[in-house]
Amino acid sequence: MGWKSRDVISIDDFTKEDLEILFKKTEEFEKSISSNLLKGVIIGNIFLEYSTRTRISFEVAAKKLGAEVINLVAEYSSIKKGESLYDTLHMMDVYSDLLVIRSPIEGTAKFAADVCKHPVINAGDGYLNHPTQAMIDLYTIRKLKGRLDDLKVGILGDLRYGRAAISFMFGIAKYSNKLYAISPPQLSMREDVRNKLIEAKVDFEESSSLDKVIQELDVLYVTRIQKERFPDIAEYEKVKGSYRVDLKVLQNSKRDLIVMHPLPRVDELSYEIDNTPMQAYFKQAEYGIYVRMALLSLILRGE
Amino acid sequence: MEEVEMKVAKIRNGTVIDHIPSGKALVVLRLLGLTKKVENTLTIAMNVKSKKLGVKDIIKVENLELDPSLVSILALIAPMATINVIRDYKVYEKSKVVLPEYVEGILKCPNPTCISRQQNEPIVSKFKVIEKSPLKLQCMYCYRYVYENEVIEQLVEGK
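Just so we're clear, the structure is a prediction, and the values are computed from it rather than from any experiment. (Residues numbered from 1 in each chain as written. Chains lettered and ligands numbered in written order. Predicted model: local features only at pLDDT ≥ 70, side-chain atom pairs only at ≥ 80, totals over all residues.)

Of all hydrophobic cores here, the largest spans 135 residues; its most connected members are A112, I155, V259 and L296 of chain A together with V28 of chain B. Among the elements that take part in this core, helix α9 (residues 281-301) of chain A stands out by supplying 12 residues, more than any other. (Core = buried A, V, L, I, M, F, W, Y, C linked by C-beta atoms within 7 Å. Buried ≥ 20, exposed ≤ 12 C-beta atoms within 10 Å, placed from the backbone. Helix = DSSP H or I, 4+ residues; strand = E, 2+ residues; numbered from the N terminus.)

The structure is reproduced here in structure tokens:
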């Protein structure tokens, strides 16, 4: 399946070949980021959940390509009056050439793609899917490590409610790597996620201790505990602050380890890593613009 | 019909549900709401030898022909079942239940934060059949797997 007019719902929907086309296009935009390729196009942002990087980087990406952006803010829209998402989507579909949607409800992007005639990009829905973040994460590794295979990758944190972590696992699982899924037991991956990795014959190990594996890793992907997705706040309180990555934790790591994080961070990742060569999270955020430019360009123009 | 079925008496009018997985006859009765229909005599044979299934269950319901909407529910639990409509002691019509590739509208997703559970949205649940026996479905919206015991629980609860 080509990229033109394609919906982006889950990282699972994309092959390694699809992703390679995306990464090549991303490299082009990284070298030369101004273009009028999307002049006259309107991108509709529908963010029903808080966001800094994803919403703004989609907006920046669109503007760098010459497109206009309209933002639906749930608090000031008719959703507050009780209008259904279905009707809201119909309206935004009339106003826009492509829709970018984020929601706390799983399956919202798929629903939007069913309702809208224009392409839909999932900017994160519920706990499971955040495909564009996974694409950015893979691009970051490809860029900083020079490859996406033969790596030892640790994913630390909230593997139960964290959609960035889960989408990243499904993304990196497409390549031949060893995965270490490290989390407190209460935040370990869900059965359906684990089964999917097993079915895909992914080489992975689950652990509750980063110390045991840190010296093995080429990539450490740290995630925040998703407080907002806990069904019971008492459960969140039990695991809050249960892991933290700082220079002491990383003292036995490989010299060329990279530390990634989809951001925002709370207390799980120390600021003392920011000015070391290990820091890759601000680069991830920057690459996010180029990856999203490439996505908009491929979906709307097929190039 | 196979010889083993002759162990129980023929019925004059009604329905014979054959090739039910062994041990599932009672669940099928509940799913189809047949336990509440006191006017219809039921005959159940369990653990009957079968060429197709090894062992199977059979249900005979007198004076009732199944509503087609119930047949699709039956397919979830007994995907190999055959339904024989009996009129005047003879098989008037014989059909196999067919488990479709997708199950729409019959079940609800067990995930409360799935878009298909949002009450103010005009949305119909949709599941892909991943495995027929034991049944394993996957929600087309939130990707959650739904297993046979959850399906039975949900369908029986609704009866």
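That shown, we press on.
Taken together, the contact between chain A and chain B spans 12 residues of the former and 16 residues of the latter. At 3 residues, helix α4 (residues 108-115) of chain A tops the list of elements feeding residues into the side of chain A that touches chain B. Here the side of chain A that touches chain B is composed, by residue class, of 5 nonpolar, 4 polar and 3 charged. (Contact = placed C-beta atoms within 7 Å. Nonpolar A, V, L, I, M, F, W, Y, C, P; charged D, E, K, R; others polar.)

All names here are of chain A. Axis separation between helix α5 (residues 131-145) and α9 bottoms out at 9 Å; the angle between their running directions is 115 degrees. Here α9 runs roughly perpendicular to α5, going by the angle between their axes. As for the relative orientation of α5 and α9, their crossing is right-handed in sense. Contacts from T132, M135, I136, D137, Y139, T140 and K143 of α5 reach α9 at K283, Q284, Y287, G288, V291, R292 and L295. Of the residues assigned to the contact of α5 with α9, the class counts are 6 nonpolar, 4 polar and 4 charged. (Axes fitted to C-alpha atoms, helices over the stretch in contact; angles between N-to-C directions. Parallel < 35°, antiparallel > 145°, perpendicular 65-115°, else oblique. Left-handed = near helix turned anticlockwise from the far one by under 90°.)

All names here are of chain A. Once the domains are mapped, chain A shows domain 1 (11-129 + 287-301) and domain 2 (131-285). A straight line from the C-alpha centre of domain 1 to that of domain 2 covers 25 Å. Of the residues in the side of domain 1 that touches domain 2, the class split is 11 nonpolar, 7 polar and 4 charged. (Domains from an automatic or database assignment.)

Quick look at the domain arrangement of chain B now. Residues and elements named next belong to chain B. Split into domains, chain B comes out as domain 1 (3-96) and domain 2 (102-157). The straight-line distance from the C-alpha centre of domain 1 to that of domain 2 is 26 Å. Those elements that provide at least two residues to the side of domain 1 that touches domain 2 are α1 (25-31) and α2 (68-77). Of the residues contributing to the side of domain 1 that touches domain 2, the split by class is 7 nonpolar, 1 polar and 1 charged.

A few words now on the pairing of strand β3 (residues 54-62) of chain B. All names here are of chain B. Looking at chain direction, strand β1 (residues 14-21) and β3 are connected through 6 bridges and run antiparallel. Of the residues in β3, the one forming a bridge with I17 is I59. Pairing geometry for strand β2 (residues 42-50) and β3, over 7 bridges, is antiparallel. By the bridge assignment for β3, V48 is matched with K56. Counted along the chain from β2 to the antiparallel partner β3, the turn is 3 residues long. (Pairing = 2+ DSSP bridges.)

Residues and elements named next belong to chain A. The end-to-end C-alpha distance of α9, which contains 21 residues, comes to 30 Å, matching closely the 30 Å that a straight helix rising 1.5 Å per residue would cover. The sharpest bend along α9 reaches about 25 degrees and sits at Y287. Within α9, 16 of the 21 residues are buried, leaving the element largely enclosed by the surrounding structure. Where α9 terminates, the next one or two residues include G302, which has phi positive at roughly 70 degrees. (Expected span 1.5 Å × (residues − 1). Bend = angle between axes of the 7 residues up to and from the residue.)

Residues and elements named next belong to chain A. On the basis of which strands lie adjacent, the open sheet formed by 4 strands has the order β2-β1-β3-β4 and parallel pairing. Because the sheet does not close on itself, it has two edges, and the strands there are β2 (68-73) and β4 (120-125). Mean inter-strand twist for the sheet, computed between neighbouring axes without regard to direction, equals 15 degrees. Bridge count between strand β1 (residues 42-47) and β2: 6 bridges; the pairing is parallel. Note that in β2 the partner of G44 across the bridge is I70.

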